[in-house]
Amino acid sequence: MGVEIDEFLALVNALPGVEHKQSANYTSYSVHGKKFGYLWPRTRTVGLKQTLAEQIALVSERPEVFEVQFTAGGFGWVVTYLEKIDAEELSELVFEAWRLSAPAALADTQTVPSLPSHRRQG
């Protein structure tokens, strides 16, 4: 179990229209000008946009993996600890975060990204 930062980046970069913006402590990710994620390399955490219901469900079911980041515009953002999540679940969460921000015409053409099958076995 656990996802490396480069694996997270591969998932994000597999989605079309993703823009990266680097700052001193983190990188933000957006699609068509709408943010959907953050990466903090120092803490090996990512922040992902989710519905409010999903934010509550994730945090209440597994507080060792997820924590509330903030809520804004009717969405709940979650901090996710990369070392405590598997690649398949992270892939679904990244896709959902991206889909919540992407224009419908773009989102409707995509499927959940996955890591290559030669990914290291846990």
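Residues numbered from 1 in each chain as written. Predicted model: local features only at pLDDT ≥ 70, side-chain atom pairs only at ≥ 80, totals over all residues. Heavy atoms only, no water.

Time to look at the confidence of the model for the protein. Looking at the protein as a whole, its pLDDT mean stands at 92, while 94% of the residues score no less than 70. pLDDT under 50 marks residues 118-122. Its contacts with residues more than four places away, or in other chains, come to eight contacts. (pLDDT = per-residue confidence, 0-100. Contact = heavy atoms within 4.5 Å.)

The next point concerns helix 3 (residues 87-101). Here helix 3 contains 15 residues, and its C-alpha end-to-end distance of 21 Å stays within 8% of the 21 Å for a straight helix at 1.5 Å per residue. For helix 3, every residue scored as buried is listed here: Ala 87, Glu 89, Leu 90, Ser 91, Leu 93, Val 94, Phe 95, Ala 97, Trp 98 and Ser 101. Capping of helix 3 at its N-terminal end is provided by Asp 86; its side-chain oxygen lies 3.2 Å from the backbone amide nitrogen of Glu 88. (Helix = DSSP H or I, 4+ residues; strand = E, 2+ residues; numbered from the N terminus. Expected span 1.5 Å × (residues − 1). Buried < 20%, exposed > 50% of the residue type's maximum accessible area, 1.4 Å probe, protein only. Polar contact = N/O pair within 3.5 Å; in protein donor to acceptor, adjacent residues only side chain to side chain.)

Attention now goes to the nonpolar core. The biggest cluster of nonpolar side chains holds 29 residues, and the ones touching the most others in it are Phe 8, Phe 36, Leu 48, Phe 66, Leu 90 and Trp 98. For this core, the secondary structure elements donating two or more residues are helix 1 (5-13), strand 2 (27-31), strand 3 (34-40), strand 4 (45-51), helix 2 (52-61) and helix 3. Looking at this core element by element, the count peaks at seven residues for helix 3. (Core = buried A, V, L, I, M, F, W, Y, C linked by side-chain atoms within 4.5 Å.)

What follows concerns the pattern of salt bridges. Within the structure shown, the criterion is met by four salt bridges. We note a salt bridge from Arg 44 to Glu 4, for which the minimum N-O separation is 3.8 Å. Of the two residues, Arg 44 sits in the loop between strand 3 and strand 4 while Glu 4 sits in the segment before helix 1, which places them 40 residues apart along the sequence. Here Arg 44 falls in the partly exposed class, since its relative accessible area comes to 24%. A relative accessible area of 33% means that Glu 4 is categorised as partly exposed. Between Arg 62 and Glu 89 there is a salt bridge, and its shortest N-O distance comes to 2.6 Å. Here Arg 62, found in the loop between helix 2 and strand 5 (66-72), pairs with Glu 89, found in helix 3; they are 27 residues apart in sequence, far enough to count as distant. (Salt bridge = Lys/Arg side-chain N within 4 Å of Asp/Glu carboxyl O.)

Our next topic: the packing of aromatic side chains. Remark: the centre distance and the inter-plane angle together describe each pair of aromatic rings, the angle taken between the planes. Within the structure shown, the criterion is met by seven aromatic pairs. Geometrically, the ring pair formed by Tyr 38 and Trp 40 is stacked, given 5.7 Å between the ring centres and 20 degrees between the ring planes. Each member of the pair Tyr 38 and Trp 40 is classed as buried. Put simply, the rings of Tyr 26, Tyr 38, Trp 40, Phe 70 and Trp 77 touch in pairs and so form one group of aromatic residues. The ring of Phe 75 has Lys 49 sitting right over it, with the charged end atom 4.3 Å from the ring centre. Lying across the ring of Tyr 81, Lys 84 places its NZ or CZ 5.4 Å from the centre. (Phe/Tyr/Trp six-rings, centres within 6.5 Å; stacked < 30°, edge-to-face > 60°. Lys NZ or Arg CZ within 6 Å of the ring centre and 35° of its normal.)

A few words now on the sheet that holds strand 5. Across the sheet, which stays open at both edges, the six strands sit in the order 1-2-3-4-6-5 with antiparallel pairing between neighbours. Both outer strands of the open sheet, strand 1 (18-22) and strand 5, are each paired with one neighbouring strand and no more. The average undirected angle you get between the axes of adjacent strands in this sheet is 25 degrees. Bridging between strand 5 and strand 6 (residues 75-81) involves six bridges; their strand directions are antiparallel. Residue pairing across strands places Phe 66 opposite Thr 80, the latter belonging to strand 6. Against the sheet, helix 1 engages strand 1, strand 2, strand 3 and strand 4, with an angle of about 165 degrees to strand 3. Docked against the sheet, helix 3 engages strand 1, strand 2, strand 3, strand 4, strand 5 and strand 6, running at close to 55 degrees with respect to strand 4. (Pairing = 2+ DSSP bridges. Axes fitted to C-alpha atoms, helices over the stretch in contact; angles between N-to-C directions.)

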